[in-house]
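# Per-entry structural report
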Amino acid sequence: MTGLSEIDLSTWRGLYELALEVKKMAPWQWMEETDVFGVEDPVGGEIGFVSVMGILGEHFAIALYLDPDAIYRMWRLSRKIPSIDAAEITQVRHLQLAFEDRSMMDERDRRIIRALGLRFRGENAWPHFRSYRAGYHPWHLEPDEISRFAMALEHLLEVAPRFRENPGLLSFPQKDRYLVRSPEGKKGGGLGWKEMILAVPEPPVRPVSPVLPENMGALQRLPGKKNALEIDFSAFGVRIGKEGERPRLPYVFLAVESANGLLLDVEMMEVIEGVEAALARLPSKIGEVMLKQGFRPAEIRVRNESLHTALDSFCRGLKIKLKEVARLPALSKARDALDSFMQRR
């Protein structure tokens, strides 16, 4: 029990029992990831959205997207498949139960399972709970997340069999309509639930509002050079933070000359405040690179839409061609070398 004194084992036991009920039911046999319903949190009032994965027989999991912003972010990412970066999914605020192999469990997972007296064997047999939020690596559930996820699994056990009998239960002509289960008081006390079809509109997408460098005039006066820079800003797999704390997930900025593969700049940046806020700082960062190198490139190449948006006004102001491409060969080599170096540390 060492290290588990702060954990309410009865709460964990309830969550694992629900997970095993879900595993036995196997709702992924008839539910797809897009068959989503909402559950209103009785404490905070936020509507979370339950989604089932596994119909293809590969990754068996239940996700609870914790608010409307999270589920709509997921919808936007799903439209990017197959070009989606897996790291982008980990930055969507949600809780997940996946049925994994033993190799996916860390020591803390195994300690809880031993304390509960549970045993699992074989592939896709081990309940694996994780919390996802922007700027961090996936991490263990916190106490309030345990109770909220348990409630979501209880509702899944009620809704999934009904959906099997009525496949139209979760489908509506309007794209912003969802079946939502909301708490209501019961006569004599206690908590009951009512079910309704609610309009849950997509929250406004926070645009990337790039901050142009104050020294745009100095950048405009730099001599032009007929070359191209390859720029990237993406998740970097290292962990930052003290042991036992939720580890932070940094992003890495890379700038490489396309023709010769020369690495012009590399910097690790934290994105706890959101990737959009970090993207807004990139024009100034690239301006620093240009001043240090003493030239304006003829072209900047990126490989994703968000980076293109962040650099658009900056490049137009400097008459630099901005191009979104599928591959950045020189930058990919630099990133591979960086990853390889970090793995050896």
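What comes next concerns the included structure.

Criteria and thresholds
- All residue numbers refer to positions counted from 1 along the written sequence of the respective chain.
- Totals for whole chains, interfaces and linings use all residues, but because this is a predicted model, local features are given only for residues with pLDDT of at least 70 and pairs of side-chain atoms are given and counted only at 80 or more.
- Excluded from the side-chain calculations are hydrogens and water; all other atoms, namely the structure's heavy atoms, are used.
- A pair of strands is labelled paired if DSSP reports no fewer than 2 bridges between them.
- Working definition: helices are DSSP H or I runs of at least four residues, strands are E runs of at least two. Numbering for both runs from the N terminus.
- For our purposes a nonpolar core is just a set of buried Ala, Val, Leu, Ile, Met, Phe, Trp, Tyr and Cys residues, chained together by side-chain atoms within 4.5 Å.
- For every residue, the accessible area obtained with a 1.4 Å probe (protein chains only) is divided by the maximum for its type, and the residue is called buried under 20%, exposed over 50%, and partly exposed between those limits.
- Convention adopted: a line fitted to C-alpha atoms gives each axis, helices being fitted over their contacting stretch, and angles between N-to-C directions are expressed from 0 to 180 degrees.
- Throughout, the term roughly parallel applies to angles under 35 degrees, roughly antiparallel to angles over 145, roughly perpendicular to angles from 65 to 115, and oblique to all others.
- What makes a crossing left-handed is the near helix being turned counterclockwise from the far one by less than a right angle; a clockwise turn instead makes it right-handed.
- Note on definitions: a residue-residue contact is assigned when non-hydrogen atoms from the two residues lie within 4.5 Å.
- Ten residues, namely Ala, Val, Leu, Ile, Met, Phe, Trp, Tyr, Cys and Pro, are considered nonpolar, four, namely Asp, Glu, Lys and Arg, are considered charged, and the remaining ones, Gly among them, are considered polar.
- Stacked, edge-to-face and tilted are the three classes for Phe, Tyr and Trp ring pairs, Trp counted by its six-membered ring, which pair at centre distances within 6.5 Å; planes under 30 degrees apart are stacked, over 60 edge-to-face, the rest tilted.

All right, on to the pairing of strand β6 (residues 177-185) then. For a regular strand, side chains alternate in direction, first toward one face of the sheet and then toward the other. Strand direction decides the pairing type here: strand β1 (residues 37-40) and β6, joined by 2 bridges, are parallel. Bridged to G38 within β6 is V180. Across 9 bridges, the pairing between β6 and strand β7 (residues 191-199) is antiparallel. Paired with S182 across the strands is K194, a residue of β7.

This next bit is on the nonpolar core. Counting residues in hydrophobic clusters, the biggest one holds 45 residues, and the most contacted among them are W12, L15, I62, F129, F149 and L156. Every element with two or more residues in this core is listed here: α1 (9-25), β1, β2 (47-53), β3 (61-65), β4 (94-100), α4 (107-115), β5 (126-132) and α5 (143-165). Tallying contributions element by element places α5 first for this core, with 11 residues. Counting 32 residues, the second largest nonpolar core, distinct from the first, contains L219, L222, A255 and I300.

Closest axis-to-axis distance for the helix α8 (residues 282-293)/helix α9 (residues 305-317) pair is 9 Å, and the angle between their directions is 60°. Between α8 and α9, the angle is such that the two are oblique. The hand of the α8/α9 crossing is right-handed. Mapping the contact onto sequence places L282, P283, I286, G287 and M290 in α8 and L307, A310, L311 and F314 in α9. Grouping the constituent residues of the contact of α8 with α9 by class yields 8 nonpolar, 1 polar and no charged.

Any pair of aromatic rings gets described here by the distance separating the centres and the angle formed by the planes. Applying the stated criterion across every chain, the model contains 10 aromatic pairs. Geometrically, the ring pair formed by Y16 and F129 is edge-to-face, given 5.1 Å between the ring centres and 75° between the ring planes. Of this pair, Y16 sits in helix α1 while F129 sits in strand β5; the two residues are 113 residues apart in sequence, bridging distant segments of the chain. Neither residue differs from the other here; Y16 and F129 are each classed as buried. Taken together, the ring pairs in this structure connect W12, Y16, F129 and F149 into an aromatic cluster.

Here V205 is to be found in the loop between β7 and α6 (216-220). Look at V205 and you get partly exposed, because its relative accessible area is 48%. V205 sits 132 residues away from R73 along the chain, and the two C-alpha atoms are 8.8 Å apart.

Once that is clear, we can look at the sheet that holds strand β8 (residues 224-235). As summarised here, the arrangement of the 5 strands in space is β10-β9-β8-β11-β12, forming an open sheet in which the pairing is mixed. With one partner strand each, in any of the chains shown, β10 (263-269) and β12 (321-324) form the two edges of the open sheet. When the angles between neighbouring strand axes are averaged without regard to direction, this sheet yields 20°. Where β8 lies against strand β11 (residues 296-302), 5 bridges are found, and the strand directions are parallel. From the neighbouring strand, E230 faces β11, where its bridge partner is R301. Taken strand by strand, α8 contacts β8, β9 (251-257), β10 and β11, and its axis lies near 150° from that of β10. On the sheet, α9 packs against β8, β11 and β12 and is oriented at approximately 175° with respect to β12.

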